[in-house]
Amino acid sequence: MMKVGITGGIGSGKSTVCRLFARLGVAVYDSDAGAKRLMTEDAELRRRITDRFGGEAYADGTLNRTYLAGRVFSEAQALADLNAIVHPAVRADFAVWAERQEGDYVILESALLFDAGFDACVDRTVAVLAPEALRIERTCRRDGRTPGEVRLRIAAQTDDDTLSAKADYTLVNILESDLEPAVAELHRIFSHEAHEH
């Protein structure tokens, strides 16, 4: 089964791109949703998170996101430790999930595709890019954040030039009407490559 990784910074539209692929019948694994599910359901993961971050990491059996976010975003080592616990579990979960899917290829959606080393689990990579002003406008509208808050998030993420240099393919997402034919063309390429795979 061929695997394609799709990445992009906040507001770039990677989820929109993944929705368009899903509409074409391609199975999509959302690594963010996968991580959240595993952090709640996987007993070994819960134990390791509790060992590292204390009992406050879970409240009434539920992941205490506010507490954990406060810890990891104020201390670089805490974030590195959390990632070292969660990312291998997500990679393993994705591999098991991919084996169960039908179709020519599957997609791994991840904002941290290269940072987390998820690019090592896929055969092709796609970076979704968009102008910063548009990313800020989209995110403010979607999440109710201020432009300043969104700029901070963008500054903390891998920049578009780096993503573009690392990815096998790039999609520039300005108008959704242009995005659909671009996704359809990539789908054609990936379907063809999957048969050669």
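All values derive from a computational prediction rather than experimental measurement.

Comments concerning the packing of aromatic side chains
Two descriptors summarise a pair of aromatic rings, namely the distance from one centre to the other and the angle between the planes of the rings.
Logical step 1: As enumerated under the stated definition, the model contains seven aromatic pairs in all.
Logical step 2: Pairing Phe94 with Trp97 gives two aromatic rings, centres 5.9 Å apart and planes at 25 degrees, and the pair type is stacked. Here Trp97 and Phe94 lie together in helix 5 (residues 76-99), a separation of three residues that amounts to about one turn. The same class applies to Phe94 as to Trp97, namely buried.
Logical step 3: Joined through ring pairs, the aromatic side chains of Phe21, Tyr105, Tyr169 and Phe190 make up one cluster.
Logical step 4: Its end group placed over the ring of Tyr58, Arg46 keeps NZ or CZ at 4.4 Å from the ring centre.
Logical step 5: The ring of Phe53 is capped by Arg52, whose NZ or CZ atom sits 4.7 Å from the centre of that ring.

Considerations on a nonpolar patch on the surface
Logical step 1: Together, Val172, Ile174 and Leu175 line one region of the surface with nonpolar side chains, adding up to about 280 Å² of accessible area.
Logical step 2: Within the element layout of this structure, Leu175 appears in the loop between strand 7 (169-172) and helix 9 (176-196).
Logical step 3: Take Leu175: its relative accessible area is 48%, and that puts it in the partly exposed class.

A look at the nonpolar core
Logical step 1: Met39, Ile49, Phe53, Leu82, Val86 and Phe94 are the most contacted members of the largest nonpolar core, which has 33 residues in total.
Logical step 2: Among the elements of the structure, strand 2 (27-30), helix 2 (31-41), helix 3 (43-53), helix 4 (65-72), helix 5, strand 5 (105-109) and strand 6 (124-129) are those that each provide at least two residues to this core.
Logical step 3: With near-sequence residues (within four places) excluded, Phe53 lies in contact with Tyr67, Leu68, Arg71, Val72, Ala78 and Leu82.
Logical step 4: In this structure, Ile6, Leu20, Val126 and Leu179 belong to the second largest nonpolar core, which totals 18 residues.

Remarks on the pattern of salt bridges
Logical step 1: Considering all chains together, one arrives at 11 salt bridges under this definition.
Logical step 2: The partner of Lys36 in a salt bridge is Asp32, with the nearest N and O atoms 3.4 Å apart. Here Lys36 and its partner Asp32 are both found in helix 2, four residues apart, which amounts to about one turn of the helix.
Logical step 3: For Arg142, the salt bridge is made with Asp143, and the minimal N-O distance between the two is 2.8 Å.
Logical step 4: Take Arg142: its relative accessible area is 56%, and that puts it in the exposed class.
Logical step 5: A single network of salt bridges, built from pairs that share partners, joins Glu44, Arg47 and Asp51.

A closer look at the layout of surface pockets
Any empty space left between the atoms is revealed when a probe the size of a water molecule rolls over them.
Logical step 1: Reported here for the largest pocket is a volume of approximately 1700 Å³.
Logical step 2: Around the largest pocket, the lining comprises 44 residues; the ones closest to its centre are Asp32, Phe73, Ala111, Leu112 and Arg153.
Logical step 3: For the lining of the largest pocket, the secondary-structure elements that each account for two or more residues are helix 1 (14-23), helix 2, helix 4, helix 5, helix 6 (132-143) and helix 7 (147-156).
Logical step 4: The dominant element in the lining of the largest pocket, judged by the number of residues it contributes, is helix 5, at six residues.

Brief notes about the sheet that holds strand 7
Logical step 1: One open sheet accounts for five strands, arranged 2-5-1-6-7; its pairing is parallel. Each edge of the sheet is formed by a strand with only one pairing partner; in this case those strands are strand 2 and strand 7. Averaged over all pairs of adjacent strands, the angle between their axes in this sheet comes to 25 degrees, without regard to strand direction.
Logical step 2: Across four bridges, strand 1 (residues 2-7) lies against strand 6 in parallel orientation. If you follow Gly5 over to strand 6, its bridge partner there is Thr125.

What counts and how
Residues numbered from 1 in each chain as written. Predicted model: local features only at pLDDT ≥ 70, side-chain atom pairs only at ≥ 80, totals over all residues. Heavy atoms only, no water. Phe/Tyr/Trp six-rings, centres within 6.5 Å; stacked < 30°, edge-to-face > 60°. Helix = DSSP H or I, 4+ residues; strand = E, 2+ residues; numbered from the N terminus. Buried < 20%, exposed > 50% of the residue type's maximum accessible area, 1.4 Å probe, protein only. Lys NZ or Arg CZ within 6 Å of the ring centre and 35° of its normal. Patch = residues over 30% accessible without salt bridge, like charges linked within 9 Å, V, L, I, M, F, W, Y side chains within 5 Å. Areas by Shrake-Rupley, 256 points an atom, 1.4 Å probe, with all protein chains shown as cover. Salt bridge = Lys/Arg side-chain N within 4 Å of Asp/Glu carboxyl O. Core = buried A, V, L, I, M, F, W, Y, C linked by side-chain atoms within 4.5 Å. Contact = heavy atoms within 4.5 Å. 1 Å grid on protein atoms, 1.4 Å probe; cavity = no way out; pocket = protein on both sides within 12 Å on 5 of 7 lines; lining within 4 Å. Points joined across faces, edges and corners; volume = space filled by probe spheres on them. Pairing = 2+ DSSP bridges. Axes fitted to C-alpha atoms, helices over the stretch in contact; angles between N-to-C directions.

Any link to function would need more than the numbers given here.
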